[in-house]
Amino acid sequence: MVAALAESPTALREFIGLDDEAVRRDVLAGKQPAVIRGLIENWRALREARDSPEALLRYLQQFDSGRPVDALLAPPEVDGQISYNGAMTGFNFVRNRLPLTRVAEQVLRYAKFPKPPSVAVQSALITDCLPGFEVHNHLDDVLPHSVAPRIWLGNRITTPTHVDEWNNVGCVVAGRRRFTLFPPDQIANLYIGPLDFAPTGAAMSLVSLRKPDFDRYPKFREALVAAQVAELGPGDAIYIPPLWWHHVESLEPINVLVNYWWHDSAGEGAGADSAFDALLHGILSIRNLPPSTRRAWAALFEHYLFASRDDAQTHIPPDRHGILGNLTPAQSAALREHLVKRLKGPRIL
């Protein structure tokens, strides 16, 4: 158990034996995190992994396209803790690009070391590096076919507390993983590092969950009270809703996970626009305004984005809802074109 957590931390809710419809209805629709035990029991890769790590490697080699994937390597002394370097001028690992099964061979070799380097492939697109793998290893009856699977493969390594803006289903094929989740409203207690300079690309907490410095990060105690924890083994899956902070520990010498990220629909024609881009635009255009002006903008955002839709449009004739209604493809395209012009155009002083 992570030393920082209470002796009896709050456990993530769990479901066992759900059929595909129940997963969609009881887990995904509610936008609350959950563990789904045995979700991928019918996967061929799971059977190979249970046979042996070598069997799983031989299975993956059948599909390896030879296309290089991003891999990271950290020295033994970091003990698998992916982070910044001491001066925060860079990170405590190096990156390389290799075919996926070359990295898997490294992981198998390092499994015999008493204190190995940490190595991992994180978020490699399976259709690129293992085409055909998804034929017998998929969630097509649970998620839309358009949701592309990604593979995470490595030895004992810890991804710090970070956030993604997508829905996420992660399926453990080999090894064990411990997930510690924090609700979105805990952001002020997590001491998040730079938005534009992060080891994994996603904004991450600067607090070590293993050895938190409460003198430096006192509010982290409040975050721990809200934390939810689960340990997953082969065949299990976890659902992480958008913007839930999560800390992920790979616990075995050999660990493999397949995950699926997808956006909630934002209306017809909205596509996969990033709300994080809107945050960056807000930093550019609002953050440095006077406090009273920021509060005024907060009222507009609350009214048009976060309050009930009815508050903004019921008093307007339906044929004049415009962009306040359900966006059509044409309206979405026009909005994008308008924003591009505004961002590229001259500033008004």
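Whatever comes next refers back to the structure up there.
All values derive from a computational prediction rather than experimental measurement. (Residues numbered from 1 in each chain as written. Predicted model: local features only at pLDDT ≥ 70, side-chain atom pairs only at ≥ 80, totals over all residues. Heavy atoms only, no water.)

Draft legend 1. Local environment of the overall build of the protein chain. A tally of helices and strands in the protein chain yields ten helices and 14 strands. Taking 2.2 N^0.38 as the reference for a compact globule, 349 residues should give roughly 20 Å; the C-alpha atoms of the protein chain span a radius of gyration of 22 Å, in line with that estimate. Going through the 349 residues of the protein chain one by one, you find that 44% of them count as buried. Residue pairs at least 24 apart in sequence account for 79% of intrachain contacts in the protein chain once pairs closer than 6 positions are excluded. Per element, the accessible surface of the protein chain, about 18900 Å² overall, is 54% carbon and sulfur. (Helix = DSSP H or I, 4+ residues; strand = E, 2+ residues; numbered from the N terminus. Rg over C-alpha atoms; globule rule 2.2 N^0.38 Å. Buried < 20%, exposed > 50% of the residue type's maximum accessible area, 1.4 Å probe, protein only. Contact = heavy atoms within 4.5 Å. Areas by Shrake-Rupley, 256 points an atom, 1.4 Å probe, with all protein chains shown as cover.)

Draft legend 2. Quick peek at empty space enclosed by the protein. One pass over the structure, following the stated rule, counts one cavity of 30 Å³ or more. As a volume, the largest cavity reaches approximately 70 Å³. Contributing to the lining of the largest cavity are Pro53, Leu56, Leu57, Leu60, Ala104, Val107, Leu108, Leu153, Ile254 and Val256. Mapped onto the lining of the largest cavity, the elements with two or more residues apiece are helix H3 (53-61) and helix H4 (100-110). (1 Å grid on protein atoms, 1.4 Å probe; cavity = no way out; pocket = protein on both sides within 12 Å on 5 of 7 lines; lining within 4 Å. Points joined across faces, edges and corners; volume = space filled by probe spheres on them.)

Draft legend 3. Main features of the sheet that holds strand E13 (residues 245-250). An order of E1-E11-E10-E13-E8 is seen for the five strands of this open sheet, with the pairing classed as mixed. Looking at which strands have only one partner, the edges of the open sheet turn out to be strand E1 (10-11) and strand E8 (158-162). (Pairing = 2+ DSSP bridges.)

Draft legend 4. The packing of aromatic side chains, seen in detail. A complete count under the given rule lists 15 aromatic pairs for this structure. Ring geometry for Trp152 against Trp261: centres 6.0 Å apart, planes inclined by 85°, an arrangement best described as edge-to-face. Of this pair, Trp152 sits in strand E7 (residues 149-154) while Trp261 sits in strand E14 (residues 255-262), and the two are 109 residues apart along the sequence. Each member of the pair, Trp152 as well as Trp261, carries the same accessibility label: buried. By way of ring pairs, the aromatic residues Tyr84, Phe91, Phe93 and Phe197 are connected into one cluster. Geometry around Tyr110 places Arg109 over its ring, the cationic atom sitting 5.6 Å from the centre. Cation over ring: Arg221 sits above Phe214, and NZ or CZ is 3.9 Å from the ring centre. (Phe/Tyr/Trp six-rings, centres within 6.5 Å; stacked < 30°, edge-to-face > 60°. Lys NZ or Arg CZ within 6 Å of the ring centre and 35° of its normal.)

Draft legend 5. Focus on a nonpolar patch on the surface. A surface patch of nonpolar side chains, amounting to about 650 Å² of accessible area, comprises Trp297, Leu300, Phe301, Tyr304, Leu305 and Phe306. Judged by its relative accessible area of 48%, Tyr304 falls in the partly exposed class. (Patch = residues over 30% accessible without salt bridge, like charges linked within 9 Å, V, L, I, M, F, W, Y side chains within 5 Å. Salt bridge = Lys/Arg side-chain N within 4 Å of Asp/Glu carboxyl O.)

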